[in-house]
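Per-entry structural report
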Amino acid sequence: MIARVFLLVLIPLSTAFAQLDLGTGNVSQSEVDGYLDPFYRVIASGLSQGRFAPGREGAGIEAGFQAGMVPLPDRDPFRATTLSALPLFRLRAGGRAFGVMAMGRGLVWKDPRVGNLAAFGAGLGYGRDLPVTLPLRCDLSLGLDKLSFSSEYTYKYRGSALGLFDQDIPGDYTLSEQVLGGGLTVSARLGKWIPYARGGFDWASGSFRYLYLDPQNGKTRRVTSDLSFPGGSGALGLYWRGFRLEASVGGYLALEAGWSLFL
């Protein structure tokens, strides 16, 4: 049941069927946390990607967008879903001067059929050309990204004639997740082409709340899950005239394409 909200957080109006049955009332906290852990990691992989990429030299401001996705692995609990990847689209803006970079990005989405989603992030960085014969640059960056989701959802419980009959069970979901991370990027300046590699460290934390009506006794129950985990991350990318392609690996593989207009 609670898997559905994670698969709707980043892809509204999609249908997913991976379910953890809370109607029995016998689901332990370790089972809930173990079931949700891979969903937290998928969201963190998409949320933290593409924070910075090497861009135009000198001072200026930029505005553009990022479109990314996290392919879902072919294993439980994702095997029971109808989706193959989770996408995340965000607008971004920032500026750079004297080697210092600053950026912000975000998305706000509301749909009464699914729920409300907001994702915001900010980052700071500093970079300098390396004192070597090759045209190399090194950038240090630090950033924080946060996602919040809330939804009212009706679960269609399918009972048996000897126990519970078919019921529509209302429930309220809230999910928040944040990723704090830093990294080092090394890029080569080959004219307009800028290939780059990044390595870093992320700390993700997620909080999930689900309030629902127990079909067995009609009482309101709450399911919660609070998890946090550290992890390393790496990325390879290519920048050209404001366009960027990037593949990153943290908990899961993430792919991203973006474009920015520099002024």
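Residues numbered from 1 in each chain as written. Predicted model: local features only at pLDDT ≥ 70, side-chain atom pairs only at ≥ 80, totals over all residues. Heavy atoms only, no water.

1. Notes on the side chain of Asp-33
For the record, the criterion: Strands are runs of DSSP state E lasting at least two residues, helices are runs of H or I lasting at least four, and both sets are numbered from the N terminus onward. Only protein chains enter the accessibility calculation, which uses a 1.4 Å probe. A residue is then buried if its area is under 20% of the maximum for its type, exposed if over 50%, and partly exposed in between. Positive: Lys, Arg. Negative: Asp, Glu. His and the chain ends are not part of the count. Every case where a carboxyl oxygen of Asp or Glu lies within 4 Å of a side-chain nitrogen of Lys or Arg is listed as a salt bridge. Any N or O atom pair separated by 3.5 Å or less is treated as a polar contact, with the protein-specific requirement of one donor-capable and one acceptor-capable atom, and with residues adjacent in sequence counted only for side-chain atom pairs.
Structurally, the position occupied by Asp-33 is in helix H2 (residues 29-48). Buried within the structure, Asp-33 lacks any salt-bridge partner; Arg-209 is the closest side chain of opposite charge, at an N-O distance of 8.2 Å. A distance of 2.8 Å separates a polar atom in the side chain of Asp-33 from a polar atom in the side chain of Ser-225.

2. Digging into H2
The condition is simple: To estimate how far a helix should extend, the number of its residues minus one is multiplied by 1.5 Å.
Between its terminal C-alpha atoms H2 stretches 27 Å, which fits the 28 Å expected from 20 residues at 1.5 Å a residue. The buried fraction of H2 amounts to 14 of the 20 residues, a majority that puts the element mostly inside the structure. Residue Gly-50 follows H2 closely and has a positive phi angle near 65 degrees.

3. Quick look at the environment of Lys-146
We count it as follows: In this analysis, two residues are considered to be in contact whenever any of their non-hydrogen atoms come within 4.5 Å of each other.
Position of Lys-146 relative to the elements: it lies in strand E5 (residues 136-157). Sequence separation between Lys-146 and Ala-204 is 58 residues; the distance between their C-alpha atoms is 9.6 Å. With residues up to four places along the chain from it excluded, the contact list for Lys-146 reads Leu-47, Ala-118, Ala-119, Phe-120, Ser-176, Glu-177 and Gln-178.

4. Points about the environment of Asp-139
By secondary structure assignment, the location of Asp-139 is in strand E5. Distance in space between the C-alpha atoms of Asp-139 and Gly-127 is 3.9 Å, their sequence separation being twelve residues. If sequence neighbours within four positions are ignored, Asp-139 has contacts with Met-101, Tyr-126, Gly-127, Gly-183, Leu-184, Thr-185 and Ser-187.

5. Concerning the nonpolar core
For the record, the criterion: We call a set of buried residues a nonpolar core when its members are Ala, Val, Leu, Ile, Met, Phe, Trp, Tyr or Cys and they connect through side-chain atoms within 4.5 Å of each other.
Counting residues in hydrophobic clusters, the biggest one holds 31 residues, and the most contacted among them are Tyr-40, Val-42, Leu-147, Leu-175 and Phe-208. With nine residues, H2 is the largest single contributor of residues to this core.

6. What about the pairing of strand E2 (residues 85-97)?
Defined as follows: Two strands pair if DSSP finds at least two bridges between them.
Here twelve bridges tie strand E1 (residues 60-71) to E2, and the two strands are oriented antiparallel to one another. Bridged to Met-69 within E2 is Pro-87. Sheet topology note: the E2/strand E3 (residues 100-111) ladder contains seven bridges and is antiparallel. Paired with Arg-92 across the bridge in E3 is Arg-105. The turn linking E2 back onto E3 is made up of two residues, and Phe-98 within it adopts a positive phi angle of 55 degrees.

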